[in-house]
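Architecture and fold: a report
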Amino acid sequence: MELLDTYTGHVDPEGPAARRDLDAVSITKVSVGPMDNNAYLLVDRATGATLLIDAANEADRLLDTVDTVADRGHTKTIITTHQHWDHVQALEAMTKELSPETYAHELDAPELPVAPDHTVGDDDEVRFGDSFVEVIHLDGHTPGSIALLYRDPNGSAHLFTGDSLFPGGHGKTATVDHHNALMDDLERKVFDRLDDDTHVYPGHGDDTTLGAERPQLPEWRERGW
């Protein structure tokens, strides 16, 4: 796997992966599958322990990325952000190859191709080596959608949002009630709690920050979808 060490938040389908190096953790982003799904590898630099967020598609491409930035033997944690098929196409193959501990929210767990070893929700932590991510449940896109928050001890926070938050809006919702639920959770659990310099890593497309998106919240609320 070709790897870019200059991280811009953009990766191309079939293109190189991109890595951002923090003091304690490295974050590698790669696009997989026909829907340009983002998968993320978080590597604890002290121990090599590696966490994969969304085994979305193209298991061989994901494993190639693992081999480039980490070690298969240390890649023992997979978290699924939500149940939608495009985010889980490689979950079974990656589970067979890596024998990891798998995590998802209990409300989406029954729809996954591999039953998670652990179900998680608000305020839970998932550890990988000396590091961890915090779980934030965001109801609306699916009942059990979750975001994962890594708080850099020496810098900004890093939030992996699945399909719950993108540049320019939240993910698709089926009803006005679902839209309102997702807006409520985003405002209360994300925008009210985290600073503007928080980096946002969505399930598709380019990264953003909470500061770039915050001024649009009233518009998102009003449009109703």
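The numbers attached to residues start from 1 for each chain and follow its sequence in the written order. With pLDDT at 70 or above as the cut-off, local features in this predicted model cover only qualifying residues; side-chain atom pairs require 80 or more to be listed or tallied, and sums for whole chains, interfaces and linings still use all residues. With hydrogens and water excluded, all non-hydrogen atoms of the structure serve as input to the side-chain values.

The protein is annotated in an unreviewed UniProt entry as MBL fold metallo-hydrolase from Actinomycetospora termitidis.

Our focus in this paragraph is the overall build of the protein. Strands here mean DSSP runs of E at least two residues long; helices mean DSSP runs of H or I at least four residues long; both are numbered from the N terminus. Secondary structure assignment for the protein yields five helices and 14 strands. Expected size for 225 residues packed as a compact globule is a radius of gyration near 17 Å; at 16 Å, the protein falls within 12% of this value. In terms of principal-axis extent, the alpha carbons of the protein reach across some 45 × 35 × 30 Å. Burial classification: accessible surface area is computed with a 1.4 Å probe over protein chains only, and a residue below 20% of its type maximum counts as buried, one above 50% as exposed, and the rest as partly exposed. Counting over 225 residues, the protein shows a buried share of 57%. Residue exposure ignores everything except the shown protein chains as possible cover, and the areas themselves are Shrake-Rupley values with a 1.4 Å probe. When the accessible surface of the protein is split by element, carbon and sulfur atoms take 45% of a total near 9400 Å². In this tally Asp and Glu are treated as negative and Lys and Arg as positive; neither His nor the chain ends contributes. Here the site of a charge means atom NZ of a Lys, CZ of an Arg, CG of an Asp or CD of a Glu. Averaged over its 17 positive side-chain charges, the protein has a centre that lies 1 Å from the centre of its 44 negative ones. To get the radius of gyration, use the C-alpha atoms; to get the globule rule, take the number of residues to the power 0.38 and multiply by 2.2 Å.

Moving on, we come to helix H2 (residues 91–98). Of the positions making up H2, those classed as buried are Leu91, Met94, Thr95 and Leu98. Projected down its long axis, H2 carries its buried residues within an arc of 100°, all on one side. Where H2 is buried, its residues contact strand S5 (50–53), helix H1 (59–69), strand S6 (75–79) and strand S7 (101–104). Residue Ser99 follows H2 closely and has a positive phi angle near 50°. As used here, the arc is the angular range of directions from the helix axis to the C-beta atoms. In this analysis, two residues are considered to be in contact whenever any of their non-hydrogen atoms come within 4.5 Å of each other.

Turning to H1, its buried residues number three or more, namely Ala59, Arg61, Leu62, Leu63, Thr65, Val66 and Val69. Summarising the contacts, the buried residues of H1 are in contact with strand S1 (3–4), strand S2 (17–21), strand S3 (25–32), strand S4 (37–44), S6 and H2.

In this section: the nonpolar core. One broad rule of soluble globular proteins: the nonpolar side chains tend to lie buried together. Core analysis: the largest hydrophobic core is formed by 23 residues, its most contacted members being Leu42 and Val133. For this core, the secondary-structure elements that each account for two or more residues are S3, S4, S5, strand S9 (125–128), strand S10 (131–137) and strand S11 (146–151). Among the elements that take part in this core, S11 stands out by supplying three residues, more than any other. Excluding residues that lie within four positions of it along the chain, Leu42 makes contacts with Val25, Ser26, Ile27, Ala49, Thr50, Leu51, Ile53, Phe128, Val133 and Phe160. The criterion is simple. A nonpolar core is a set of buried Ala, Val, Leu, Ile, Met, Phe, Trp, Tyr and Cys residues joined through side-chain atoms within 4.5 Å.

With that out of the way, let us pick up the UniProt feature "domain: Metallo-beta-lactamase" (unreviewed entry) in the protein. Mapped onto this structure's residue numbering, the UniProt feature "domain: Metallo-beta-lactamase" (unreviewed entry) falls at residues 36–204. The distance from the first to the last C-alpha atom of residues 36–204 is 6 Å, and the span holds 21% helix and 30% strand. UniProt positions are given in the numbering used here, feature names are shortened, and annotations may be inferred rather than shown by experiment.

For S6, the tally of buried residues reaches four of five residues, placing the bulk of the element in the interior. Note that S5 and S6 share four bridges and pair parallel. If you follow Leu51 over to S6, its bridge partner there is Thr77. The handedness rule is simple: strands pointing away from the viewer, and a clockwise path from the first strand over the helix to the second, make the crossover right-handed. Of the crossover connections in this fold, the one passing from S6 over H2 to the parallel S7 is right-handed. A pair of strands is considered paired only if DSSP assigns at least 2 bridges between the two.

Checked against the element boundaries, Leu210 lands in helix H4 (residues 210–213). Separated by 20 residues in sequence, Leu210 and Val190 place their C-alpha atoms 8.6 Å apart. Setting aside chain neighbours within four positions, we find Leu210 in contact with Leu165, Val190, Phe191, Leu194, Asp195, Asp196, Thr198 and Val200.

Ordered by their spatial adjacency, six strands build an open sheet running S9-S10-S11-S12-S13-S14, and the pairing between neighbours is mixed. With partners counted over all chains shown, the strands left at the sheet margins are S9 and strand S14 (208–209), one partner each. Relative to S10, S9 runs antiparallel, the two being bridged by four bridges. Bridge pairing links Val126 to Val133 in S10.

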